[in-house]
Amino acid sequence: QVQLVESGGGLVQAGGSLRLSCAASGSILRLNTMGWYQQTPGNQRELVAAITTGGRINYADSVKGRFAISRDNAKNTVYLQMNSLKPEDTAVYYCNLQNVYVSSGTRRDYWGQGTQVTVSS
């Protein structure tokens, strides 16, 4: 069992910045990926950014150059620095942790509660 607690969402004007945090606890494996996904009403949950234990990063094209993901492995915490925010970034942002089970070749996903980010024009 893994628990993910998110913080840092809120209301910001276009062009502003926010920093999201997500702290994980529980059965966290040595090899894992942590990331952020966004979801708006009527749409699928979509990847924003993800980072592996070793520091490999994947960004959505829409946020590349504006957002930066990082993690503190000692604290089991992942961050998303969001700069130059646009109204199109408005969404609920969900934290994700995926455990990698090397022995069986399987993976399992865990999700945070979601935090609202609203960008006004």
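A few points on the structure. (Residues numbered from 1 in each chain as written. Predicted model: local features only at pLDDT ≥ 70, side-chain atom pairs only at ≥ 80, totals over all residues. Heavy atoms only, no water.)

1. Observations regarding the overall build of the protein
Thinking step 1. Counting its regular elements, the protein contains zero helices and 11 strands.
Thinking step 2. In terms of C-alpha radius of gyration, the protein reaches 14 Å, essentially the compact-globule figure of 14 Å for 121 residues.
Thinking step 3. Its C-alpha atoms give the protein principal-axis dimensions of roughly 50 × 25 × 25 Å.
Thinking step 4. Burial status across the protein gives 40% buried among its 121 residues.
Thinking step 5. Put simply, of all contacts in the protein between residues at least 6 apart along the chain, 54% involve residues at least 24 apart.
Thinking step 6. For the protein, the computed accessible surface area is about 6600 Å², with 47% contributed by carbon and sulfur atoms.
Thinking step 7. Counting 11 positive and 7 negative side-chain charges, the protein places the averaged centre of each group 9 Å from the other. (Helix = DSSP H or I, 4+ residues; strand = E, 2+ residues; numbered from the N terminus. Rg over C-alpha atoms; globule rule 2.2 N^0.38 Å. Buried < 20%, exposed > 50% of the residue type's maximum accessible area, 1.4 Å probe, protein only. Contact = heavy atoms within 4.5 Å. Areas by Shrake-Rupley, 256 points an atom, 1.4 Å probe, with all protein chains shown as cover. Lys, Arg positive; Asp, Glu negative; His and termini not counted. Charge placed at Lys NZ, Arg CZ, Asp CG, Glu CD.)

2. Some words on the pairing of strand E1 (residues 2–7)
Thinking step 1. Only one face of E1 is buried, namely the one carrying Val2, Leu4 and Glu6, since none of Gln3, Val5 and Ser7 on the opposite face is buried.
Thinking step 2. Bridge count for E1 against strand E3 (residues 18–26) is six bridges, and the pairing is antiparallel. Bridge assignment links Ser7 to a residue of E3, and that residue is Ser21. (Pairing = 2+ DSSP bridges.)

3. Observations regarding the state of the cysteines
A covalent bond between the sulfur atoms of two cysteines is referred to as a disulfide.
Thinking step 1. Across all of its chains, the model carries one disulfide by this definition.
Thinking step 2. Bridging Cys22 to Cys95, the disulfide has an S-S length of 2.1 Å. Between Cys22 and Cys95, the disulfide has an S-S torsion of -85 degrees and is therefore left-handed. One end of the pair, Cys22, is in strand E3; the other, Cys95, is in strand E9 (residues 91–101), and 73 residues separate them in sequence. For the residue pair Cys22 and Cys95, the accessibility class agrees, reading buried in each case. (Disulfide = S-S within 2.5 Å.)

4. A closer look at the sheet that holds strand E8 (residues 77–82)
Thinking step 1. The four strands lie next to each other as E1-E3-E8-E7, forming an open sheet whose pairing is antiparallel. Strand pairing shows two members of the sheet lacking a second neighbour, E1 and strand E7 (67–72), which therefore form its edges. Taken over all neighbouring pairs, the strand axes of this sheet differ in orientation by 15 degrees on average, direction set aside.
Thinking step 2. Pairing of E3 with E8 involves six bridges; the strand directions are antiparallel. Its bridge partner being in E8, Arg19 is matched across the sheet by Gln81. (Axes fitted to C-alpha atoms, helices over the stretch in contact; angles between N-to-C directions.)

5. Remarks on unusual backbone geometry
Thinking step 1. Phi angles above zero are rare outside glycine, and Asn76 is one such case at about 50 degrees.
Thinking step 2. Backbone geometry at Ser84 places phi at a positive 50 degrees, although glycine is not the residue there.
Thinking step 3. For Ser84, the location among the structural elements is in the loop between E8 and E9.

6. What to know about the pairing of strand E10 (residues 106–111)
When a strand is regular, its side chains alternate between the sheet's two faces.
Thinking step 1. Two strands pair when backbone bridges link them, and E9 and E10 are joined in this way by six bridges, in the antiparallel orientation. Note that in E10 the partner of Tyr101 across the bridge is Thr106.
Thinking step 2. Connecting E9 to the antiparallel partner E10 that follows it, the hairpin turn spans four residues, and Gly105 within it adopts a positive phi of roughly 70 degrees.

7. A short note on the nonpolar core
Thinking step 1. Counting 27 residues, the largest nonpolar core has Leu4, Trp36, Leu80, Met82 and Tyr93 as its most contacted members.
Thinking step 2. Put simply, the parts of the chain that give this core at least two residues each are E1, E3, strand E4 (32–39), strand E5 (46–52), E7, E8, E9 and strand E11 (115–120).
Thinking step 3. Among residues more than four places away in sequence, those in contact with Tyr93 are Glu6, Leu20, Trp36, Tyr37, Gln38, Val48, Phe67, Leu80, Met82, Gly114, Thr115 and Val117. (Core = buried A, V, L, I, M, F, W, Y, C linked by side-chain atoms within 4.5 Å.)

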